[in-house]
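Structural description and commentary
The residues making up each chain are set out below.
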Amino acid sequence: MLWQWANNSAQVFILDLDGTLIPSAEIDNLCFWQAVFECFDRHDPLPDLHDFKHITDSGILGEWCEGALGRFANDDENRQIRRRFAELLEQSSNEPGEYFKPLAGVEEWLLAVQESPNVFAGIATGGWGHSAGLKLELSGLDKFDLPLASSDDAIARSDIMLIAAGMVQELHGVQDAAITYIGDGAWDFEATRVLNWDFIGIAGGDQASRLRKAGANHVRADFTRL
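Now for a look at the structure at hand.

On to the pairing of strand β2 (residues 119-124), then. Where burial is concerned, most of β2 is hidden: six out of the six residues are buried. Both faces of β2 are covered, namely the face carrying V119, A121 and I123 and the face carrying F120, G122 and A124. Two elements, strand β1 (residues 11-15) and β2, share five bridges in a ladder whose sense is parallel. Residue Q11 lies in a different strand from β2, and its bridge partner there is V119. Inspection of the sheet shows β2 paired to strand β3 (residues 148-149) by two bridges, in the parallel sense. In the strand pairing of β3, A124 is matched with A149. This β-α-β element, β2 to helix α5 (residues 129-139) to β3, shows right-handed connectivity.

All right, on to α5 then. Buried within α5 are the following residues: S131, A132, L134, K135, L136 and S139. Turning to α5, the residues buried within the fold contact α1 (25-40), α2 (57-68), α3 (75-92), β2 and β3. G140 sits one or two positions beyond α5 and adopts a positive phi of about 85°.

Before going further, it helps to spend a moment on the packing of aromatic side chains. Within the structure shown, the criterion is met by 13 aromatic pairs. Between F40 and W64, the ring centres sit 5.8 Å apart and the planes meet at 40°, which makes this aromatic pair tilted. Here F40, found in helix α1, pairs with W64, found in helix α2; they are 24 residues apart in sequence, far enough to count as distant. The exposure class of F40 is buried, given its relative accessible area of 12%. Its relative accessible area of 7% is what places W64 among the buried residues. Both rings, one in W109 and one in F223, keep their centres 5.5 Å apart while their planes meet at 65°; by these two values the pair is edge-to-face.

Conventions adopted
Residues numbered from 1 in each chain as written. Predicted model: local features only at pLDDT ≥ 70, side-chain atom pairs only at ≥ 80, totals over all residues. Heavy atoms only, no water. Buried < 20%, exposed > 50% of the residue type's maximum accessible area, 1.4 Å probe, protein only. Helix = DSSP H or I, 4+ residues; strand = E, 2+ residues; numbered from the N terminus. Pairing = 2+ DSSP bridges. Right-handed = clockwise from strand over helix to strand, strands pointing away. Contact = heavy atoms within 4.5 Å. Phe/Tyr/Trp six-rings, centres within 6.5 Å; stacked < 30°, edge-to-face > 60°.

See the structure below:
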């Protein structure tokens, strides 16, 4: 094994996806807003994600529609946005750049988790489930078959994280496990404070500085030294 875990008690790691397992945060944001703006024939500047209360796909779309349109998206509009979003993500996988290539050390780390009898992992993403599944497929990380909770399950990130932890614990019959969330955004760190979970940041540059300024004590550039 590449890692030896701190002790023999059960440990659960809940993982963010975009920007944490794969460097897809920027392209994900661009494709999301292109799909939204195409649906409503808008040409607005890209919104600042920090302006939203719930930084999840369902939360962002709901808040933006309410503010920009004075109403929520209807079922047909929701379906159009989701379908177009997935199309744009798939198209971007053929463009220059490695948006869906796992970050350094991710696959080795997940293999180490699989080999450990008392360490378990799952994914809690602020994205929608269908787009998360596509990104896992494009990155090859779908082979790990991790339980996944998304903004199809809840709007608040902390609620999504709780659902993911429950899925992992139920799947593996684990109770009273120590839970750590691994994410790249300040909103990830804030959600762990709500839940009183441990946090590990995966970020570099300004993003890492923002996490440390928010109070995160453990920030790494990737998974190689996690």
